[in-house]
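What follows is each chain in one-letter form.
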Amino acid sequence: MPEKDYADMRPTEKARLMFMAAETTSRMARTFANTNDSMYRTMMADSQNALATGLSDMATGIRATYILLAQVKRSLDQAR
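Because the structure is predicted, anything quoted here is derived from the model rather than measured.

Some details on the overall build of the protein
Point 1. Regarding its fold elements, the protein presents two helices and zero strands.
Point 2. Relative to the compact-globule value of 12 Å for 80 residues, the protein shows a C-alpha radius of gyration of 19 Å, a clear excess of over 25%.
Point 3. Dimensions of the protein, computed from C-alpha atoms along their principal axes, come out at roughly 70 × 25 × 15 Å.
Point 4. Scored against the burial criterion, the 80 residues of the protein give a buried share of 18%.
Point 5. Long-range pairs, those at least 24 residues apart, make up 57% of the contacts in the protein with a sequence separation of at least 6.
Point 6. Of the roughly 6400 Å² that the protein leaves accessible, carbon and sulfur atoms contribute 58%.
Point 7. Charge separation in the protein, taken as the distance between the mean sites of 11 positive and 9 negative side-chain charges, equals 9 Å.

In structure tokens:
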């Protein structure tokens with residue numbers, strides 16, 4: 001199955017990628033913790049940015065889910 005383009009992914013799929021990137025970057029940053037302070041800080045900042053982006057994407061996905069649920073509820077209420 002071909003990989004989706006990031007722009008075509010659902011928000012929760014984007015969040016998953018961002019969380020994976022945050023984890024990978026923070027793990028890599030540990031190798032610089034005591035040897036290269038500048039590289040460590042940069043990688044930790046990148047990791048935190050990926051985490052924040054993932055949380056934002058997750059919030060977007062949750063809001064979209066609630067909107068869809070509200071539409072389903074309205075449709076069910078009208079069918080009664």
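A short note on the environment of Ala64
Point 1. Within the secondary structure, Ala64 is located in helix α2 (residues 37-79).
Point 2. Linking Ala64 and Ala21, residues 43 residues apart in sequence, is a C-alpha distance of 23 Å.

As for α2
Within an α-helix, residues lying three or four positions from one another point in the same direction, as the helix has 3.6 residues per turn.
Point 1. Taking 1.5 Å of rise per residue, the 43 residues of α2 would be expected to cover 63 Å, and the 63 Å separating its terminal C-alpha atoms lies within 8% of that figure.
Point 2. The complete set of buried residues in α2 reads Met43, Ser47, Ala50, Gly54, Asp57 and Gly61.
Point 3. On its buried face, α2 is in contact with α1 (11-30).

Focus on α1
Point 1. Over its 20 residues, α1 runs 29 Å from end to end, which matches the ideal 28 Å to within 8%, given 1.5 Å per residue.
Point 2. Taken together, the buried positions of α1 are occupied by Lys14, Ala15, Met18, Ala22, Thr25, Ser26 and Ala29. Projected down its long axis, α1 shows its buried positions confined to an angular sector of 100°, all on one face. The outward face of α1, more than 90 degrees from its buried face, is lined by the exposed residues Arg16 and Arg30.
Point 3. Of the surrounding secondary structure, the elements contacted by the buried residues of α1 are α2.

Description of the pattern of salt bridges
Side-chain pairing between opposite charges can occur once the charged atoms of the two side chains come close.
Point 1. Applying the stated rule across the entire model yields four salt bridges.
Point 2. As a salt-bridge pair, Asp77 and Arg80 come within 3.9 Å of each other at their nearest N and O atoms.
Point 3. By relative accessible area, which is 37% here, Asp77 ends up partly exposed.
Point 4. Given the relative accessible area of 79%, Arg80 is considered exposed.
Point 5. Salt bridges linked by common partners bring Lys73, Asp77 and Arg80 together as one network.

What counts and how
- Residues numbered from 1 in each chain as written.
- Predicted model: local features only at pLDDT ≥ 70, side-chain atom pairs only at ≥ 80, totals over all residues.
- Heavy atoms only, no water.
- Helix = DSSP H or I, 4+ residues; strand = E, 2+ residues; numbered from the N terminus.
- Rg over C-alpha atoms; globule rule 2.2 N^0.38 Å.
- Buried < 20%, exposed > 50% of the residue type's maximum accessible area, 1.4 Å probe, protein only.
- Contact = heavy atoms within 4.5 Å.
- Areas by Shrake-Rupley, 256 points an atom, 1.4 Å probe, with all protein chains shown as cover.
- Lys, Arg positive; Asp, Glu negative; His and termini not counted.
- Charge placed at Lys NZ, Arg CZ, Asp CG, Glu CD.
- Expected span 1.5 Å × (residues − 1).
- Arc of directions from axis to C-beta.
- Salt bridge = Lys/Arg side-chain N within 4 Å of Asp/Glu carboxyl O.

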